[in-house]
Amino acid sequence: MDNAHKPSVLKQELRNKVLVLGIDNPPVNALSADLRRELLGVIQEADTNDKIEAVLMVGCGRYFIAGADVREFGKPPLPPFLPDVCTRIEACNKLVVAAIHGAALGGGLEIALAAHYRLIAADAKVGFPEVELGLLPGAGGTQRAPRLIGAKASLDLMLSGRPLDARDAHELGLVDRIVYGEDMLAEGLAYLKELLAAHAPVRRSRDAGGLADHTKSRAAIEAARSETTKVSRGLFSPLKIIEAVQAALELPFNEGLSLERNLFLQCIDSPQRAGLIHAFFAQREVFKAPETRSTKARSINTVGVVGGGTMGAGIAVAMLDAGFPVTMIERDEESLARGRTHVEKVYDSLVAKGRITQEARADVLTRWTGSTSYHALAHADLVVEAVFEEMTVKQAVFAELDRACKPGAILATNTSYLDVSAIAASCSRAPDVLGLHFFSPANIMKLLEIVVPAGVAADVVATAFALAKKLQKVPVRAGVCDGFIGNRIFAVYRAAAEHIMEDGASPYQIDRAARHFGFPMGPFQVADLAGGDIGWAARKRRANTRDPKARYVQIADRICERGWFGQKTGRGFYRYPEGVRTGVQDPEIEAIIDAERLRAGIKPNSFTDQEIVRRLMAAMINEGANVVHQGIALRPLDVDITFLFGYGFPRYRGGPMKYADTVGLSSVLADIREFAQQDTLFWQPSPLLVKLTNNGADFASLNQSA
Ligand code: 3H9
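Residues numbered from 1 in each chain as written. Predicted model: local features only at pLDDT ≥ 70, side-chain atom pairs only at ≥ 80, totals over all residues. Heavy atoms only, no water.

## Re the nonpolar core
Here comes step 1: Counting 90 residues, the largest nonpolar core has Met-57, Phe-64 and Ile-111 as its most contacted members.
Here comes step 2: Counting residues in hydrophobic clusters, the runner-up holds 79 residues, among them Leu-447, Val-451, Met-617 and Val-668. (Core = buried A, V, L, I, M, F, W, Y, C linked by side-chain atoms within 4.5 Å. Buried < 20%, exposed > 50% of the residue type's maximum accessible area, 1.4 Å probe, protein only.)

## A look at the pattern of salt bridges
Here comes step 1: Across all of its chains, the model carries 41 salt bridges by this definition.
Here comes step 2: Here Asp-156 and Lys-152 are joined by a salt bridge, their closest N and O atoms 3.1 Å apart. Of the two residues, Asp-156 and Lys-152 are both situated in helix H5 (residues 151–160); the distance of four residues between them amounts to about one turn of the helix.
Here comes step 3: Relative accessible area serves as the criterion here: at 53%, Lys-152 is assigned to the exposed category. (Salt bridge = Lys/Arg side-chain N within 4 Å of Asp/Glu carboxyl O. Helix = DSSP H or I, 4+ residues; strand = E, 2+ residues; numbered from the N terminus.)

## Let's talk about the packing of aromatic side chains
Here comes step 1: All chains considered together, the criterion is met by 17 aromatic pairs.
Here comes step 2: Over the ring of Tyr-417 we find Arg-542, and its NZ or CZ is 5.2 Å from the ring centre.
Here comes step 3: Seen from the ring of Trp-564, Arg-571 lies directly overhead, with NZ or CZ sitting 3.7 Å from the centre. (Phe/Tyr/Trp six-rings, centres within 6.5 Å; stacked < 30°, edge-to-face > 60°. Lys NZ or Arg CZ within 6 Å of the ring centre and 35° of its normal.)

## A look at the sheet that holds strand S1 (residues 10–15)
Hydrogen bonds along the backbone pair up the strands of a sheet, which may run parallel or antiparallel.
Here comes step 1: Reading across the sheet, the six strands line up as S1-S2-S3-S4-S6-S9 and stay open at both edges, with mixed pairing between neighbours. At either margin of the open sheet sits one strand with a lone partner, and together these are S1 and strand S9 (177–179). In this sheet, adjacent strand axes meet at a mean angle of 20° when their direction is disregarded.
Here comes step 2: Inspection of the sheet shows S1 paired to strand S2 (residues 18–23) by six bridges, in the antiparallel sense. Residue pairing across strands places Gln-12 opposite Leu-21, the latter belonging to S2.
Here comes step 3: Packed onto the sheet, helix H1 (residues 33–48) meets S1, S2 and strand S3 (54–59) and runs at close to 180° relative to S2. (Pairing = 2+ DSSP bridges. Axes fitted to C-alpha atoms, helices over the stretch in contact; angles between N-to-C directions. Contact = heavy atoms within 4.5 Å.)

## Here's the deal with the pairing of strand S14 (residues 410–413)
A regular strand places its side chains on the two faces of the sheet in alternate fashion.
Here comes step 1: Every second residue of S14 is oriented toward a common face, with Ile-410 and Ala-412 on one face and Leu-411 and Thr-413 on the other, all of them buried.
Here comes step 2: Here strand S13 (residues 382–385) runs beside S14; their pairing, made up of four bridges, is parallel. Bridge pairing in S14 links Val-384 to Ala-412.
Here comes step 3: Chirality of the crossover, the property in question, places the unit of S13, helix H16 (residues 391–404) and S14 among those that are right-handed. (Right-handed = clockwise from strand over helix to strand, strands pointing away.)

## Side note on unusual backbone geometry
Here comes step 1: Of note, the amide linkage connecting Pro-79 to Pro-80 takes the cis form, showing an omega dihedral of -5°.
Here comes step 2: Its place among the elements puts Pro-80 in the loop between S3 and helix H2 (82–91).
Here comes step 3: Of note, Asn-16 is a non-glycine position whose phi angle comes to about 50°, a positive value.
Here comes step 4: A residue is classified by how much of its surface remains accessible, and Asn-16, at 75% relative accessible area, is exposed.
Here comes step 5: Although it is not a glycine, Gln-472 adopts a positive phi angle of roughly 55°.
Here comes step 6: Look at Gln-472 and you get exposed, because its relative accessible area is 58%.

## Observations regarding the site of the ligand
Here comes step 1: Around the ligand, a shell composed of 27 residues is seen, among which Arg-62, Tyr-63, Glu-110, Glu-130 and Arg-284 lie nearest.
Here comes step 2: Within the backbone of Gly-138, one N or O atom sits 3.1 Å away from an oxygen atom of the ligand.
Here comes step 3: Contacts to the ligand include Lys-288, whose side-chain N or O atom sits 2.9 Å from an oxygen atom.
Here comes step 4: For the ligand, the accessible surface in isolation is 1,000 Å², of which the surrounding protein chains cover 78%. (Near = heavy atom within 4 Å. Polar contact = N/O pair within 3.5 Å; in protein donor to acceptor, adjacent residues only side chain to side chain. Areas by Shrake-Rupley, 256 points an atom, 1.4 Å probe, with all protein chains shown as cover.)

## Remarks on empty space enclosed by the protein
Here comes step 1: What the rule picks out here adds up to one cavity of 30 Å³ or more.
Here comes step 2: The wall of the largest cavity is formed by Ile-300, Leu-382, Ile-410, Leu-434, Leu-436, Val-460, Thr-463, Ala-464 and Leu-467.
Here comes step 3: The dominant element in the lining of the largest cavity, judged by the number of residues it contributes, is helix H18 (residues 458–470), at four residues.
Here comes step 4: Of the residues in the lining of the largest cavity, the class split is eight nonpolar, one polar and no charged. (1 Å grid on protein atoms, 1.4 Å probe; cavity = no way out; pocket = protein on both sides within 12 Å on 5 of 7 lines; lining within 4 Å. Points joined across faces, edges and corners; volume = space filled by probe spheres on them. Nonpolar A, V, L, I, M, F, W, Y, C, P; charged D, E, K, R; others polar.)

## Describing the environment of Gly-314
Here comes step 1: By the element assignment, Gly-314 lies in helix H13 (residues 310–321).
Here comes step 2: Note: C-alpha distance between Gly-314 and Ser-686 (372 residues apart in sequence) is 36 Å.
Here comes step 3: The contact partners of Gly-314, leaving out residues within four places of it in the chain, are Ala-442 and Asn-443.

## Remarks on the state of the cysteines
Two cysteines, two sulfur atoms, one covalent bond between them: this is a disulfide.
Here comes step 1: A full pass over the atoms with the stated rule returns zero disulfides.
Here comes step 2: Unpaired in this structure, Cys-92 has its nearest cysteine sulfur neighbour in Cys-86, at a distance of 13 Å.
Here comes step 3: Taking the relative accessible area as the measure of exposure, Cys-92 reaches 0% and is therefore buried. (Disulfide = S-S within 2.5 Å.)

Printed below as a string of structure tokens:
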């Protein structure tokens, strides 16, 4: 469509010499090239038009402006550029007022700061979330905000990415007035009328004096720099934000602006920006599953949870936090009391940390009821089973649920590995059964794998997605297989780590390499945290079905045989002396590893950290490709989100599949083929990886909506 026929994204109306600009670019009024062009043109025209005395910018829809159009980043930039639009707004000789409702974020706030006065709806928010996308406020935000509210408050805003509510924004001086009416247009016009009557001057943020106290400003900048260096874990943009704010202090305004532009373009070019923006869209894309498009969700008003252990209690808390009444079922009164205590403990610790009041705690707990009889679930709309991870135990629970629950109730299992189809088949209502795999602690971890067996009704799946939204979780649709998406891929990653360990690297070096890559913990620290006994039991269960030709590293078994199950027993791959939460290296473990290498006839090699990461990532990516190839994950981005939200994969790398695209699929495949020279069975290239590489394609090409 040529520009002449495009609908305008800026509605204009002259009201008593006030030009009202209605920003109308759904869904969130992002500052697309069209919007920038129209804004620039209109402001230029307003400046010279005698019929116009002032300009009022208001947002149509739910938000004022959500920021730059993130979809444009990474593509050739389209003029006019946002900093120039902001400069032109600020330079306007007619009064320009921004009326903020919903949110003014990133470039949206920068537009507002370029206006001469700002009013804000009492329930609106403002913020600079650019840091979460690997960017900095690049349209004058780093120069105008410090002049308005000082270096410290600006740095807090830009480095945290957290939005401010209207009251805080007003207190800081970022906005001039809070309004309480619903009609922002009317509020804005009334404010402008007052300003005009009072002959309020054109007041430009670039001239504001928030940085007048140089010593204080410099101290704030230095403090932010030393704190950021400590905590930003390899992130690129935070230090650039500080550099830009320092320029606001030290350079004339226009020079500060051009440095900001330069730093912004450096951020745009960084692979971290690409990873973080991929994560932003993927996080939204995962909600789009075939079932969410084709059907409507059932309504969920009451929830049951079977099992009051760590997992069941965590799920109960997640449901209570989302406002549901929860009925917990346990086999006897004693277990039920323990379940209740687990739930109470979560809220007690929130009270102790001052996050909630005693009254709020009491209030939430009134929605919890417990019973030892399944009949208490007669009215539940959804029941989540979280009992011992054993097929017969789960099937027995489902037989009870089948008898007790009303028709149409959704029955979910929280299994992490077991065959959900087999669980569904054990009761008479397979279309109502699916897997809801929460991650521990269930009330905190954001990931929810929605495991979809073949016979489930589409509206049950759609309901699970709606539930995830209500729980503020990030859902990923997974097919049925051993370990679904996350645990299946993680098992291969862990096996690769064990191979490297037996071949010569210490678990400590492997963990360090994984941490340097960006994981909060390495695979052996994770094993110690999860508890060695769990994996040991699973290995014993699978011993009969394991391919006898597959490489099997026995080191973890030797450790478990000593009763060393990780953190909970004070010893695992690491030692955890009293009072120490992070483990210390253990020479006895190194001796066990040496003995195992000897037993297996392996002459240890040395590995660089980089070689370790190459192997770990190749294993993860290859299995990720298998999972997509077999339809267990809808798209590569679902694998990415699983690892970002369930396994601590560094967000700035976008997830394993995005990372694979970044390094290049041909290079990953070459690595796999090289490693296969030692172990052809383990390192079988995924057919999907081979196909994409042969076609010169990447995983991103498969990320269109499912
Ligand atoms: C920036 O401004 C840089 C400047 O400093 C310098 C430039 C030179 N662009 O989240 P939702 C889409 S960087 C394009 O589900 P909500 C989103 O993908 C930017 N698209 O709604 C979704 O699409 P779909 C700084 C965007 O009500 C739809 O809108 N700003 C953008 O739960 C609805 O989104 C930010 O980082 C965008 N900027 O939440 C703000 N934003 O329907 C990012 C959203 O096809 N945005 N979309 O899946 C947000 O935080 C939330 O979207 C918001 C609304 C709070 C606004």
